[in-house]
Amino acid sequence: VNSAKDTREDFLQCLHSQNSNSISSFINTPNNPSYSSLLQNYTQNLRVRATKTLEPLVIIKPKKAFHIQTTIICSKKHGVQIRIRSGGHDYEGLSSVSPLPFVVLDLIDLRNITVDLAKKSAWVQAGASLGEVYYTIAEKSSTLAFPAGVGLTVGVGGHFSGGGEGMMMRKYGIAADNIIDAKIINAEGKILDRESMGEDLFWAIRGGGGNTFGIVVAWKINLVDVPPVVTVFNVTRTLEQNATNLVHRWQYLVDKFPEDLALRIFVRRVNFSQDGNTTIQAAFTSLFLGRVDRLLPIVQQHFPELGLTKKDCIEMSWINSTLYFAGVPNGASLDVLLKRDPQGRMFFKGKSDYVQEPIPKNALEKIWKRLYKMDAKMAELQFTILGGKMNEISEFSIPFPHRAGNLFQIHYALLWHEESIKEINWHMKWIRELYDFMAPYVAKHPRTAYVNYRDLDLGTNNIHGNSTYQEACIWGFKYFKVNNFNRLIQVKATVDPDNFFRNEQSIPYLDHYA
Ligand code: FDA
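Below, the structure is looked at part by part. Counting from 1, residues in each chain are numbered in the order their sequence is written. The predicted nature of this model means local features are confined to residues of pLDDT at least 70 and side-chain atom pairs, given and counted, to a pLDDT of 80 or more, with totals for whole chains, interfaces and linings taken over all residues. To get the side-chain values, take all heavy atoms of the structure and skip hydrogens and water.

## Overview of the overall build of the chain
The cut-off we apply is this: Helix and strand labels come from DSSP, where a helix needs a run of H or I of at least four residues and a strand needs a run of E of at least two; each type is numbered from the N terminus. Put simply, the radius of gyration uses C-alpha atoms, and a globule should come to 2.2 Å times the residue count raised to 0.38. Burial classes follow relative accessibility: with a 1.4 Å probe on protein chains only, a residue under 20% of its type's maximum area counts as buried, one over 50% as exposed, and anything between as partly exposed. Using a 1.4 Å probe, accessible areas were evaluated by the Shrake-Rupley method; residue-level cover was limited to the displayed protein chains. The charge count includes Lys and Arg as positive and Asp and Glu as negative, but it does not include His or the ends of the chains. By convention, charge coordinates are those of NZ in Lys, CZ in Arg, CG in Asp, or CD in Glu.
When its secondary structure is counted, the chain shows 14 helices and 18 strands. For 514 residues, the compact-globule formula gives about 24 Å, and the C-alpha radius of gyration of the chain, at 23 Å, lands near that figure. A principal-axis box enclosing the C-alpha atoms of the chain has dimensions of 70 × 55 × 45 Å. Taking all 514 residues of the chain together, 59% fall into the buried category. A total accessible area of about 20,700 Å² is found for the chain, and carbon and sulfur atoms account for 49% of it. Between the averaged position of the 57 positive side-chain charges in the chain and that of its 50 negative side-chain charges there is a distance of 1 Å.

## Looking at the sheet that holds strand β4 (residues 102-106)
Operational definition: Any two strands are treated as partners once DSSP identifies two or more bridges connecting them.
Here four strands make up an open sheet; going across it, the order is β1-β2-β4-β3 and the pairing mixed. If you trace the sheet from one side to the other, it starts and ends with β1 (27-28) and β3 (81-85), each paired once. In terms of strand pairing, β1 meets strand β2 (residues 59-60) through two bridges, oriented antiparallel. Each residue of the ladder has a partner; that of isoleucine 27, found in β2, is isoleucine 60.

## A few points about the pattern of salt bridges
To be explicit about the condition: By definition here, a salt bridge exists when the distance from a side-chain nitrogen of Lys or Arg to a carboxyl oxygen of Asp or Glu is within 4 Å.
A complete count under the given rule lists 30 salt bridges for this structure. Residue lysine 351 pairs with aspartate 455 through a salt bridge whose shortest N-O separation is 2.7 Å. Within this pair, whereas lysine 351 is found in strand β16 (residues 347-355), its partner aspartate 455 is found in the loop between α13 (421-438) and α14 (469-495), the two being separated by 104 residues in sequence. By the burial criterion, lysine 351 is buried, and aspartate 455 matches it. Here the salt bridges do not stand alone but share partners, grouping Arg47, Glu92, Lys349, Lys351, Arg432, Asp455 and Asp457 into one network.

## Regarding the environment of leucine 15
Applied cut-off: In what follows, residue pairs with any heavy atoms lying within 4.5 Å of each other are defined as contacts.
With respect to the helices, strands and loops of the structure, leucine 15 is situated in helix α1 (residues 4-18). Linking leucine 15 and isoleucine 73, residues 58 residues apart in sequence, is a C-alpha distance of 8.6 Å. When residues no more than four places from it in sequence are discounted, the contact partners of leucine 15 are Ile23, Phe26, Ile27, Thr70, Thr71 and Cys74.

## Topic: the sheet that holds strand β6 (residues 121-125)
The cut-off we apply is this: Under this scheme, a helix contributes an axis fitted over its contacting stretch, all axes are lines through C-alpha atoms, and angles between N-to-C directions fall in the 0 to 180 degree range.
Pairing is antiparallel across the open sheet formed by five strands, whose spatial order is β5-β6-β10-β8-β9. With one partner strand each, in any of the chains shown, β5 (113-116) and β9 (191-192) form the two edges of the open sheet. In the sheet, β6 pairs with strand β10 (residues 215-222) via five bridges, with the strands oriented antiparallel. The residue bridging serine 121 from the neighbouring strand is asparagine 222, located in β10. Packing of helix α3 (residues 65-77) onto the sheet brings it into contact with β8 (179-185), β9 and β10, and relative to β8 it is tilted by some 50°. The strands touched by helix α7 (residues 194-205) are β8, β9 and β10; relative to β8, the strand with the most contacts, the crossing angle is about 105°.

## Topic: the site of the ligand
Quick reminder of the rule: The nearness test applies per residue and asks whether one of its heavy atoms lies within 4 Å of the molecule or strand. Nitrogen and oxygen atoms within 3.5 Å of one another constitute a polar contact, given that in protein one can donate a hydrogen and the other can accept it, and given that sequence-neighbouring residues count only through two side-chain atoms.
In the vicinity of the ligand lie 31 residues, with Ile84, Ser86, Ser95, Val150 and Tyr450 positioned nearest. In this structure, glycine 87 approaches the ligand through a main-chain N or O atom, which is 2.9 Å from an oxygen atom. Contact distances for the ligand include 2.7 Å between an oxygen atom and a backbone N or O atom of valine 150. Relative to its free-state accessible area of 960 Å², the ligand is covered by the protein chains to the extent of 91%. Counting residues per element, the ones that place at least two in the shell around the ligand are β3, α5 (156-162) and β10.

## Some points on the side chain of aspartate 496
Topologically, aspartate 496 is positioned in the segment after α14. Judged by relative accessible area, aspartate 496 falls into the buried class, the value being 1%. A distance of 2.7 Å separates a polar atom in the side chain of aspartate 496 from a polar atom in the side chain of lysine 492.

## Here we look at the layout of surface pockets
Space left empty within the atom packing is revealed by a probe, the size of a water molecule, rolled over the atoms. So the rule is basically this: In this analysis, the protein atoms alone were mapped onto a 1 Å grid. Cavities are point sets where a 1.4 Å probe fits without being able to get out; pockets are open sets with protein on both sides within 12 Å along at least five of seven lines; lining residues have an atom within 4 Å of a point. Grid points are joined across faces, edges and corners, and a volume is the space filled by probe spheres set on the points. Three residue categories are used. Nonpolar comprises Ala, Val, Leu, Ile, Met, Phe, Trp, Tyr, Cys and Pro, charged comprises Asp, Glu, Lys and Arg, and polar comprises the others, including Gly.
By volume, the second largest pocket is sized at about 400 Å³. In terms of residues, the lining of the second largest pocket owes the most to one element, α13, which gives five residues. Class assignment of the residues belonging to the lining of the second largest pocket gives a composition of 10 nonpolar, four polar and seven charged.

## Observations regarding the pairing of strand β12 (residues 230-238)
Summarising burial for β12: seven of the nine residues are buried, a large majority. Bridge count between β12 and strand β15 (residues 313-316): four bridges; the pairing is antiparallel. Pairing of valine 230 across the sheet is with methionine 316, part of β15. Direction of pairing for β12 relative to strand β14 (residues 278-288): antiparallel, over a ladder of eight bridges. Bridge pairing links arginine 237 to alanine 282 in β14.

## Observations regarding empty space enclosed by the protein
Summed over all chains, the structure comprises three cavities of 30 Å³ or more. Counted as a void, the largest cavity has a volume near 120 Å³. Along the walls of the largest cavity sit 14 residues, with Ala148, Gly149, Met167, Trp318 and Thr322 positioned nearest its centre. The element contributing the most residues to the lining of the largest cavity is helix α10 (residues 318-325), with four residues. Of the residues assigned to the lining of the largest cavity, the class counts are 10 nonpolar, four polar and no charged.

Nothing here speaks to function; it is all geometry.
Written as structure tokens, this is what we have:
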């Protein structure tokens, strides 16, 4: 059995022989000073390194597609896994850790973006961040945009592979609904585009989860129209200001609001600074694709209880709204969109659900009680309204199935600073208990979840051996529902029969589907 050092040497030797030029320009071994910062910087969630994991043999930062192709060839030859990393925001760190000998393929240097104004489209390389995509579009046009997520440092490689929910999905669907072509490198090292990969594989890569079918090098996206001025607001209400009734009422608005209006709620515990007392606060955060004078009558008609006034609303360009939703202070330069370094990394656990029937008030009150047990601001429930265009797109159109029939999504997010195992276990127990408590109030048969909010509690592949359909469908049905999951299994059997691209929740290769 080779030691890690031998395997690394063999792997590097192989890369040398494949690349006529020096490989030092894109290879980082543990001897390189940059190795450990590369490893840490782009792993958002400190929890994934809290328990002992293997270190990658090398971190590869390809500068061109050929470097990726040779990495595949050498990884296969030497039995080394590849973990693909674009923005490093995987909730369970699967782009940066593995229980088996592996290399990290970090696509940060492949992040070119070219906008075609005439065709209202763009080619975006996988290592680009959402902030970079938004910035580059806005440089060219103030009335074009792209409907993807709020987190600006999130990478498009992982985000689009898992769907990509954002503030404009009621108008335009999710990011993956707006992908029109892609370049991927398959397990044989071949570069494929939409035409050469065929419609089945092109279907699978738009939401079927990353690290399963190949390495996405670039996406071609459809840009969408936005007005020159949009309106945003963030209105907070505590329990004393009727928060429970407002949250309850909000659940009935999904069919009432026009597609131009998105209204999310962030629920958290807050401290009153004066007396140290705590309460629950619901922050109603909104993007409206139009001016305030059109927004106000809509909210006043359908949701008068919120008490929204003109003073609460701010008109701005769409690009400035991306900073607003990312929590960047007003007046900051657009250059913030280009920042890649993750801010304030912490320990983190996230989970998700989709809700199909309004949650009764007494259940909301029981949820608030659970929030009281957690430090202020460290636990947050995000309620994201669906409906609109999301209802019109078929649940089979791409692997992301959470469409008509769902009112909103819940994202449970828990952050903490303490690194001891005891603290980790305590926080994990809290969020798991909350998740169990929610079962009666959320989608059932199957209970569903969003693959981009990856949650290994839902089940994992047998990473050391072969997985079975029975094991995989436990988490697979939750992310994709039955038909889409079955189709993903079939695509996998066709395009990657060696199960070369795999991780704890990649679509497994199953013999009898080949
Ligand atoms: P990362 O590089 O970790 O990749 C994620 C997964 O995709 C891994 O399995 C990886 O191997 C694989 N992968 C990456 N690049 C690939 C490629 N080129 N080809 C094939 N596979 C690839 N989601 C959302 O819908 N809306 C939102 O607003 C936000 N906001 C947000 C904020 C913050 C702070 C975080 C941490 C996360 C989010 N997310 C989100 C979730 C986010 O969409 C999800 O974590 C993405 O998978 C992250 O993609 P990255 O490329 O950054 O991660």
